[in-house]
Amino acid sequence: MIKRGLHIVFLFLIVSCTNETVEQLIYEPTPAPLNIPLLFEQNILAPIIPFNNPQTVEGIALGKKLFFDPILSANNTQACADCHAPENAFSDANRFSEGIDGILGHRNSMPLFNLAWNYDEKFFWDGRVFSLEHQAFEPVTNPVEMKNTWAVVEQKLQASSHYPKLFNEAFGTSTIDSTLVTKAIAQFERTLISANSKFDKYLLGEGVLTAQELNGFNVFMDETKGDCFHCHGNANNPLWTDNVFHNNGLDAVITDLGLGKVTGDPADNGKFKSPSLRNLAFTAPYMHDGRFTTLEEVINHYSEGLQNSPTIDPLMKKVSQGGVHLTEDEKTDLKAFLLALSDETFISNPAFLNQ
Amino acid sequence: MAVSFFMITLMACQSNDQAIKSEATISFNFSHNWDGTIVTNTDFNNIQYTNVNGDILSIERLRYLISKITFYKSNGEEIVLDGYNLVDVTNGTQLSFSSNALVPTGNYSNVSFLFGFDNEDNISGAYPDLNSASWNVPEMLGGGYHFMQLEGKFINDQSEEIGYAYHAIRAVDNSNPDNLIFQDTFIEVHLGSVMISNDTSFNVEMNVAEWFKNPNTWDLNVLYNSLMPNFNAQVMMYENGQNAFSLESVTP
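Please read all numbers here as calculations on a predicted model, not as lab measurements. (Residues numbered from 1 in each chain as written. Chains lettered and ligands numbered in written order. Predicted model: local features only at pLDDT ≥ 70, side-chain atom pairs only at ≥ 80, totals over all residues.)

A. Representation of the overall build of chain A. From N to C terminus, chain A includes 17 helices and 4 strands. Computed over the C-alpha atoms, the radius of gyration of chain A is 22 Å, within 12% of the 20 Å expected from 2.2 N^0.38 for a compact globule of 355 residues. If you line up chain A on its principal axes, its C-alpha atoms span 70 × 45 × 35 Å. Burial status across chain A gives 48% buried among its 355 residues. Put simply, 68% of the contacts in chain A that link residues at least 6 apart link residues at least 24 apart. (Helix = DSSP H or I, 4+ residues; strand = E, 2+ residues; numbered from the N terminus. Rg over C-alpha atoms; globule rule 2.2 N^0.38 Å. Buried ≥ 20, exposed ≤ 12 C-beta atoms within 10 Å, placed from the backbone. Contact = placed C-beta atoms within 7 Å.)

B. Spatial organisation of the overall build of chain B. Each helix and strand counted, chain B has 3 helices and 18 strands in total. Each principal axis of the C-alpha distribution contributes one length, and for chain B these read about 65 × 45 × 35 Å. Burial status across chain B gives 38% buried among its 252 residues. When contacts within chain B are restricted to residue pairs at least 6 apart in sequence, long-range pairs at least 24 apart make up 73% of them.

C. Spotlight on the interface of chain A and chain B. Contact residues are listed per partner, giving 24 residues for chain A and 23 residues for chain B. Among the secondary structure elements, those contributing two or more residues to the side of chain A that touches chain B are α12 (211-221) and α13 (229-232) of chain A. Across the side of chain A that touches chain B, the residue classes break down as 10 nonpolar, 9 polar and 5 charged. (Nonpolar A, V, L, I, M, F, W, Y, C, P; charged D, E, K, R; others polar.)

D. Structural context of the packing of helix α4 (residues 57-67) of chain A against helix α10 (residues 178-190) of chain A. Residues and elements named next belong to chain A. Contact geometry for α4 and α10: axes closest at 7 Å, N-to-C directions at 100 degrees. Here α10 runs roughly perpendicular to α4, going by the angle between their axes. Residues G59, I60, L62, G63, K64, L66 and F67 of α4 form the contact with α10, whose participating residues are V181, K183, A184, I185, A186, Q187 and F188. By residue class, the composition of the contact of α4 with α10 is 9 nonpolar, 3 polar and 2 charged. (Axes fitted to C-alpha atoms, helices over the stretch in contact; angles between N-to-C directions. Parallel < 35°, antiparallel > 145°, perpendicular 65-115°, else oblique.)

E. Spotlight on the pairing of strand β2 (residues 26-34) of chain B. All names here are of chain B. Here β2 shows a buried face lined by I26, F28, F30, H32 and W34 and an unburied face lined by S27, N29, S31 and N33. Sheet topology note: the β2/strand β17 (residues 200-207) ladder contains 8 bridges and is parallel. Looking across to β17, one finds that N33 is bridged to N207. Alignment of β2 against strand β9 (residues 96-98), held across 3 bridges, turns out to be antiparallel. (Pairing = 2+ DSSP bridges.)

F. Region of interest: the packing of α4(A) against helix α9 (residues 163-171) of chain A. All names here are of chain A. Here α4 crosses α9 at 145 degrees, and the two axes come no closer than 7 Å. Regarding α4 and α9, the two cross each other, and that crossing is left-handed. Each of E58, G59, L62 and K65 in α4 lies in contact with α9, whose residues at this interface are L166, F167, E169 and A170. Residues that form the contact of α4 with α9 fall into these classes: 4 nonpolar, 1 polar and 3 charged. (Left-handed = near helix turned anticlockwise from the far one by under 90°.)

G. Seen up close, α10(A). Residues and elements named next belong to chain A. An ideal rise of 1.5 Å per residue puts 18 Å on 13 residues; α10 measures up with 18 Å between its terminal C-alpha atoms. Burial within α10 is extensive, with 11 of its 13 residues counted as buried. Those residues of α10 not exposed but buried are L180, V181, T182, K183, A184, I185, A186, Q187, F188, E189 and R190. As for α10, its buried residues are in contact with α4, α6 (132-135), α7 (137-141), α8 (150-159) and α9. (Expected span 1.5 Å × (residues − 1).)

H. Local environment of unusual backbone geometry. All names here are of chain A. In this structure, P285 follows A284 across a cis peptide bond, with omega equal to 0 degrees. Among the secondary structure elements, P285 is positioned in the loop between β4 (272-273) and α15 (295-304). The backbone of N243 shows a phi angle near 55 degrees, a positive value even though the residue is not glycine. Mapped onto the elements of the fold, N243 is located in the loop between α13 and β3 (245-246). A tally of 23 C-beta atoms within 10 Å means that N243 is categorised as buried.

I. Inspection of the environment of S276(A) at higher detail. All names here are of chain A. Residue position: S276 is located in the loop between β4 and α15. As for S276 and D242, which are separated by 34 residues in sequence, their C-alpha atoms are 8.1 Å apart. Those residues in contact with S276, other than ones at most four positions away along the chain, are N114, L239, W240 and T241.

J. Spotlight on helix α3 (residues 231-240) of chain B. Where α3(B) is concerned, the buried positions are A233(B), Q234(B), M236(B), M237(B), Y238(B) and N240(B). Packing partners of the buried residues in α3(B) comprise β13 (161-168), β14 (171-173) and β16 (187-196) of chain B.

K. Focus on the environment of L338(A). All names here are of chain A. Mapped onto the fold, L338 is located in helix α16 (residues 328-339). For L338 and A281, which are 57 residues apart along the polypeptide, the C-alpha to C-alpha distance reads 8.6 Å. If we skip the residues at most four places from it in the chain, L338 touches G216, L277, L280 and L295.

L. Broad picture of the confidence of the model for chain B. Residues and elements named next belong to chain B. For chain B, per-residue confidence averages 92 on the pLDDT scale, and residues scoring 70 or more make up 92% of the total. Contacts for the low-pLDDT stretch residues 1-18, under 50 throughout, to residues beyond four places or in other chains number 2 contacts. Model confidence for the complex: the whole-complex pTM is 0.91, and ipTM, which rates the interface, is 0.91. (pLDDT = per-residue confidence, 0-100.)

M. Spatial organisation of the environment of V250(B). All names here are of chain B. Residue position: V250 is located in strand β18 (residues 245-251). Along the backbone, V250 and F28 are 222 residues apart, and their C-alpha atoms lie at a distance of 9.3 Å. Beyond its immediate chain neighbours, meaning those up to four positions away, V250 contacts V194, T200 and F202.

Now the structure itself:
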């Protein structure tokens, strides 16, 4: 109750300063708490929702509209969804995404789901941005992505026939600024929750796995075989990532410093965030630079393809032998298990589609 | 002059508090060393430590769990503080732990904590914060949680730089998956007697070198990874860990 009262007063003060109408003053968006999946509720900590950007019906709807609208780009040709496509679990099927001038980036577009459970709030493959709201600032002005300026974005949105009204409904002001744009997008992105895979149903007692998938799960959890669980979670951590940064032995010579470029610490060179293993059926290609086009290539990398380097993670075993040397059956089983973490309902959820 | 007045006021308040204190807050602070040389996360990632076996090694990651802080009265009464703490040296977080519960002031014949979880608390999936930290142990090894993750690199007998993962869990013989055989490897750390008259901090040291030292001289060339399913390695960790912790000081 106290928080709500303060919120109303805050709105009143802002509107008083900007000389807007009384109708705008009293507008309050409708709360829309995240629909937390049962497995998440039972097993892991609550999602991160900034106190100054609560989820609302109007904020989420606005964020969705902005996410799919090319108005954010300099030449009105590119939306967030162009590189974060719903059918690819909000990633890009291309290895590198193309910006408005046809220039390619140098990393694979990260899939977007379960972002509110990134507890450290470090975003991008190299963790260079803190908070989902701040993440949304970057692509708009990135010269090889949307190549815009926020001043132009704000002007275009303000001049549109419908956005001022939508911002007023979402935030109680029709004066549009970049902070509100990113807040709205972040609200929409937090609704992108994926927790309805075959393996989720198995854990909930609502489905069964094949013997091959169960064998694959054992390979995943066996420290003497796949040993995937230390970085990619387990049945009690349904995120299937630790959201931590590791050098997973991709290169003997590190050219993309990853986290090392962000922290300036050579010990972080070549470290990238562990991606979630959910929705791998839709998120190829794989790794931070999209170098692997198939899951077989990924598994072969950990089995036989590890490259040693000074910052390689200690959890990368048998590096001098190239990896853990899974049998062909173990590889096939592991792939079957990994695909059981994909969530068809996530990529077809109408709430997440541009409709 | 203002500073002096402030100090006098503080002292007066403290004096009043001390006079009426019947219960105290308790905190535990954890610091780390390698045979007396301070270890913090700023010392990580450099191959600079030599264990008793002569292996030269680095620390890249160190997290461990402590639980069941217990105060013992001479009359046999025990006060167990709820909660546990995942000390994360890597990130420099949770190096201190304060219980929500208050402890009655008075004399205690012993204070202890557990390294890891005892079997009563070592319940698979029971703790959302530990699940979120991917601290779980696979069910094929009995489930529950890790007690410690100590990782880094060492120089092996072939002069190669090799990763090691010294992960402590409850020892399990899983040679027959249908009949897992366990041995308890949580460690009771006894800190000795203490008089609690006010809010109190226990400053506890872990000597990381002890994990490689006594009574088992740890040869990283032999035991460097896949140690979780290694029953004998887990028992050796338990034995070596007996002297890893010590009470540096108690500060009221």
